[in-house]
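The primary structure of each chain is shown beneath.
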Amino acid sequence: KFLVARDLSAGLRRCNIYCPMLLRQLDVADERLKSAIRRAGSRPERDPAVAAATTELRSQYRRLLIDHSEGAQAQGVDRHMWMRCFYANIELFRRKARKAKDHLR
């Protein structure tokens, strides 16, 4: 199970940044996104709940990047944001494309 706080908190503390509430909010937003994707079924990219959860998660990451920019940069928070908010959707499309291609064969 991917937990944002577990992955980021130790590194941020090493940079003298301790923001447990914000990291907890990131975890909650991440869990909401995962839950929304599961509930959306086969078309999560079109589900308004998934879009709202992604927006919420992106907002929490931005807050961390802005409020704690030095530590966030040192810990690669922007990479975490990319992976959870964008890359996951790209991978979903890739899997669907491969599945459709395999189905056509």
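Scroll up for the structure.
None of the values given here were measured: they were computed from a predicted structure.

Its 20 residues give helix 3 (residues 48–67) an end-to-end C-alpha distance of 28 Å, which sits within 8% of 28 Å, the value for a rise of 1.5 Å per residue. Buried within helix 3 are the following residues: V50, A53, T54, L57, R58, Q60, Y61 and L64. Mapping the buried residues of helix 3 onto a view down its axis gives an arc of 155 degrees, with all of them on the same face. Helix 3 presents P48 and I66 as exposed residues on the side facing more than 90 degrees away from its buried surface. N-cap assignment for helix 3: the residue whose side-chain oxygen lies 2.7 Å from the backbone N of A49 is D47.

Once that is clear, we can look at the nonpolar core. Soluble, globular proteins show a tendency: their nonpolar side chains are buried together. Grouped together as the largest cluster of nonpolar side chains are 17 residues, with contacts concentrated most on L26, L57, Y61 and L64. Going through the elements one at a time, helix 2 (20–40), helix 3 and helix 5 (77–104) are the ones with two or more residues in this core. Per-element tally for this core: the top contributor is helix 2, with 7 residues. Apart from residues no more than four positions distant in its own chain, L57 is found in contact with L26, A29, D30, L33, R84 and C85.

According to the stated counting rule, one finds 1 aromatic pair in the structure shown. With centroids separated by 5.8 Å and ring planes inclined at 25 degrees, the aromatic side chains of W82 and F86 adopt a geometry described as stacked. Pair noted here: W82 and F86 are both in helix 5, with a separation of 4 residues, about one helical turn. For W82, a relative accessible area of 41% corresponds to the partly exposed category. Judged by relative accessible area, F86 falls into the partly exposed class, the value being 31%.

Now for the packing of helix 3 against helix 5. The N-to-C vectors of helix 3 and helix 5 enclose an angle of 175 degrees; their axes lie 10 Å apart at closest approach. What the angle tells us is that helix 3 and helix 5 run roughly antiparallel. Taking contact as the criterion, the partners of T54, L57, R58, Y61, R62, L64 and L65 in helix 3 are, on helix 5, V77, D78, H80, M81, R84, C85 and F86. Across the contact of helix 3 with helix 5, the residue classes tally to 8 nonpolar, 2 polar and 4 charged.

Rules and cut-offs
Residues numbered from 1 in each chain as written. Predicted model: local features only at pLDDT ≥ 70, side-chain atom pairs only at ≥ 80, totals over all residues. Heavy atoms only, no water. Helix = DSSP H or I, 4+ residues; strand = E, 2+ residues; numbered from the N terminus. Expected span 1.5 Å × (residues − 1). Buried < 20%, exposed > 50% of the residue type's maximum accessible area, 1.4 Å probe, protein only. Arc of directions from axis to C-beta. Polar contact = N/O pair within 3.5 Å; in protein donor to acceptor, adjacent residues only side chain to side chain. Core = buried A, V, L, I, M, F, W, Y, C linked by side-chain atoms within 4.5 Å. Contact = heavy atoms within 4.5 Å. Phe/Tyr/Trp six-rings, centres within 6.5 Å; stacked < 30°, edge-to-face > 60°. Axes fitted to C-alpha atoms, helices over the stretch in contact; angles between N-to-C directions. Parallel < 35°, antiparallel > 145°, perpendicular 65-115°, else oblique. Nonpolar A, V, L, I, M, F, W, Y, C, P; charged D, E, K, R; others polar.

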